[in-house]
Amino acid sequence: MKPTSSVFTGLPTTIFEVMSRMAAEHQSVNLGQGFPDVDGPEEIRRAAAEAMIAGPNQYPSMMGIPDLRQAVAEVNKRFYGLDVDWQREVMVTSGATEALGDCILGLIDPGDEVVLIEPLYDCYLPMIRKAGGIPRLVRVTPPNWELDREALAAAFGPKTKAILINNPMNPAAKVFTADELAFIAGLCVAHDAYAICDEVYEHLVFDGRKHLPLMTFPGMRDRCARVGSAGKTFSLTGWKIGYITAPPHMLTPIAKAHQFVTFTTPPALQVAVAKGLRFGDDYYSGFIADLEAKRDRLSAGLRRLGFPVLQSHGSYFVSADISGMGLGDDDFEVCKRLTVEAGVTAIPISAFYEVDPPRNAIRFCFCKRFEVLDEGLARLEKALGGARSAA
Ligand code: PMP
Ligand code: GLN
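Note that the structure is predicted; figures quoted are calculated from it, not measured.

Is there a simple way to think about the overall build of the protein in this case?
Per the secondary structure count, the protein includes 14 helices and 13 strands. The dimensions of the protein, computed from C-alpha atoms along their principal axes, are 65 × 55 × 50 Å. The buried share of the protein, reckoned over its 391 residues, is 56%. Taking the intrachain contacts of the protein between residues at least 6 apart in sequence as the baseline, contacts between residues at least 24 apart amount to 75%.

Here it is as C-alpha cells:
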C-alpha cells in the first residue's frame, strides 16, 4: 500500500499522552501533563450548563459568538491597552492548538521559513512541516534560558515568513523581557515577518511580572496573531476554547483555514467563557496567587530533596536538574522509572527539542492541590532515599 503522510506516520504519540497513560497505569501522582486537578470557577461551569439547556445548541457563527468576541476585544484593551475591532480582528477556535494550526495553515506556504525557539511545544514542528514550512530553530538554554540574540538574528533571512513564539514559555517557564521582545519585534519588522504568538499562559505570570504581548511592540500591531486559551486562564483545559486576535489581513486567511478545520466551537462554552473573561481583577490576581503558592510549595520540596530547581516565572511548570541525583542520565528513562518505582510522573525536557536535546532536566506541573504536591514529594523522598543508599 502507498505510504501514509510522511510527516505524521513516523511521529511518536505526544509525550503528554504517553506519560499520562503511564501515570494511570501505575497510579502515580501525575505531575506530568499540564492540567489543574481542581476545575475552574463554578460560575463559569454553571453558565455553560445553563446555556446548554437554554440553547440554541446549533452551529454558531464560524467566527465565534459575538459576546465572546467582544469579551476578547475588551480584555485586549483592559490588560494590554490594545484597541481591537471584535468584528474584524477576533475569532474563536476549539482550543489554542486549533488556533495555532489555523495560523500556520493560513499564513505559511511551502518553502517559507518559520523561526522557532527551543525548547518548544510539541505540536509546532509537525504542523509547520505539514504546511510545507521550513523550521529554523534557535535555543534558549538552562539554567537561565537566555535568548541568544545573535543566533536569533542569524535565523531570520529573506525567506522568513514568520516567527512562532511561545510567551510565557512551556516548558522553560520563561517570561520574555521587554528588551527581548523589542529585539524580536525589530527582527520581524526588518525582515517583514509575521509573528504567531502562543500566549496561552498570558495570565499565569508570577512575582509581579507583567505579560507583554509582542503585538504591543512598535511595528507589531499589524504583524501578530495573538493566541489565547480559556483552558489555561480558567482552569478548564478540557473545554478547548481558544481565541485569536489578529489584524484583518491576517485573520481573513486564518479564518479560511479554521472554516475547514473545525468550522465552529460549542456555543454554550463560548457563552460561559465570555462571562469569565469579564471577571474582576480579583479573579485574575487570586488565580496568580494560588499558582504562585503551588509553585513555591513544589519548588521548595524539590530543593529539599536535593534537586537543583530552575526558576519558574510563568506557566504551570517548574523544571529540575536530574544530574547528580543518582537517578540516571537520560531524562525519559528517569521519568519512566520515577513513574514505576517512585509513583510520581514528570515530563522529560528532551521531548521539547528536535535534535541533540539536553537530557538532564525533567518538568513538573504544579497546578495541583497542596496535598497532591505533598504526596508526590513524599513519594520522591522515599524513592530517592532508596536510590541514594543503593548508590
Ligand atoms: N500552547 C502551549 C505552549 C501549551 O502548553 C498548550 C497546552 N496544551 C497549548 C498551546 C494548547 O492549548 P489548548 O488546550 O487551548 O489547545
Ligand atoms: N500543554 C500541556 C502540557 O504541556 C498539555 C496539553 C496536551 O496534552 N496536549 O503539558
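There's more to say after this.
Just checking my understanding: could you explain the nonpolar core for this structure?
Nonpolar side chains in soluble globular proteins tend to be buried together. The biggest cluster of nonpolar side chains holds 131 residues, and the ones touching the most others in it are L152, L214, F234, I244, L277, F307 and F364. Apart from the residues lying within four places of it in its own chain, the contact partners of L152 are V115, I117, V138, L147, I163, F183, I184 and L187.

What is the right way to look at the site of ligand 1 in this model?
Near ligand 1, the surroundings consist of 13 residues, among which T97, D198, Y201, K232 and K240 are the closest. For ligand 1, a nitrogen atom lies 2.9 Å from a polar atom in the side chain of Y121. A distance of 3.1 Å separates a nitrogen atom of ligand 1 from a polar atom in the side chain of K232. For ligand 1, the protein covers 93% of the area, taking 390 Å² as the surface of the free molecule.

Teacher, can you tell me more about the packing of aromatic side chains here?
Remark: the centre distance and the inter-plane angle together describe each pair of aromatic rings, the angle taken between the planes. Overall, the coordinates contain 16 aromatic pairs when judged by the stated rule. Their ring planes at 25° and their centres at 5.8 Å tell us that F16 and Y121 sit as a pair that is stacked. You can see F16 sitting in helix α1 (residues 15-26) and its partner Y121 sitting in the loop between β3 (113-118) and α6 (124-130), a full 105 residues away along the chain. Given a relative accessible area of 7%, F16 falls into the buried group. Overall, Y121 belongs to the partly exposed group, its relative accessible area being 23%. Note on Y316 and F317: the rings are 5.9 Å apart at their centroids and 85° apart in plane angle, and the pair reads as edge-to-face. Given a relative accessible area of 1%, F317 falls into the buried group. By the ring-pair criterion, three or more aromatic residues cluster together here, those being F79, Y80, F234, F279, Y283, Y284 and F287. In this structure, R363 is placed above the aromatic ring of F317, and the distance from its NZ or CZ to the ring centre is 3.4 Å.

Looking at this model, I keep getting lost on the sheet that holds strand β5 (residues 146-147). Mind explaining?
Whenever strands of a sheet pair, they do so through backbone hydrogen bonds, lying parallel or antiparallel. If you walk across this open sheet you meet the eight strands as β2-β9-β8-β7-β6-β3-β4-β5, and the pairing is mixed. Sheet topology places β2 (90-93) and β5 at the edges, where each strand pairs with a single neighbour. The pairing of strand β8 (residues 224-229) with strand β9 (residues 242-245) spans four bridges and is classified as antiparallel. When the bridges of β9 are listed, V227 appears paired with I244. On the sheet, helix α3 (residues 66-80) packs against β2, β8 and β9 and is oriented at approximately 115° with respect to β2. Its contacts with the sheet place helix α5 (residues 95-107) against β2, β6 (160-166), β7 (194-198), β8 and β9, and it is angled at close to 165° to β8.

So what exactly am I meant to see when it comes to the pairing of strand β4 (residues 134-141) here?
Along any regular strand the residues' side chains alternate between the sheet's two faces. Relative to β4, β3 runs parallel, the two sharing six bridges. Residue pairing across strands places V114 opposite P135, the latter belonging to β4. Regarding topology, α6 serves as the crossover connection from β3 to the parallel β4, and that connection is right-handed. Relative to β5, β4 is paired through two bridges, and the arrangement is antiparallel. When the sheet's bridge partners are listed, T141 is paired in β5 with E146. The turn joining β4 and β5, which pair antiparallel and follow one another in sequence, is formed by four residues; a positive phi near 50° is taken by W145.

Please clarify how the environment of P119 should be interpreted in this entry.
Within the secondary structure, P119 is located in the loop between β3 and α6. For P119, a relative accessible area of 1% translates into the label buried. On a C-alpha basis, the gap between P119 and P357 in space is 8.7 Å, while along the polypeptide they are 238 residues apart. In contact with P119, other than residues within four places in its own chain, are V140, W145, M169, N170, P171, A172, F352 and Y353.

Each value, and the rule that gives it
Residues numbered from 1 in each chain as written. Chains lettered and ligands numbered in written order. Predicted model: local features only at pLDDT ≥ 70, side-chain atom pairs only at ≥ 80, totals over all residues. Heavy atoms only, no water. Helix = DSSP H or I, 4+ residues; strand = E, 2+ residues; numbered from the N terminus. Buried < 20%, exposed > 50% of the residue type's maximum accessible area, 1.4 Å probe, protein only. Contact = heavy atoms within 4.5 Å. Core = buried A, V, L, I, M, F, W, Y, C linked by side-chain atoms within 4.5 Å. Near = heavy atom within 4 Å. Polar contact = N/O pair within 3.5 Å; in protein donor to acceptor, adjacent residues only side chain to side chain. Areas by Shrake-Rupley, 256 points an atom, 1.4 Å probe, with all protein chains shown as cover. Phe/Tyr/Trp six-rings, centres within 6.5 Å; stacked < 30°, edge-to-face > 60°. Lys NZ or Arg CZ within 6 Å of the ring centre and 35° of its normal. Pairing = 2+ DSSP bridges. Axes fitted to C-alpha atoms, helices over the stretch in contact; angles between N-to-C directions. Right-handed = clockwise from strand over helix to strand, strands pointing away.

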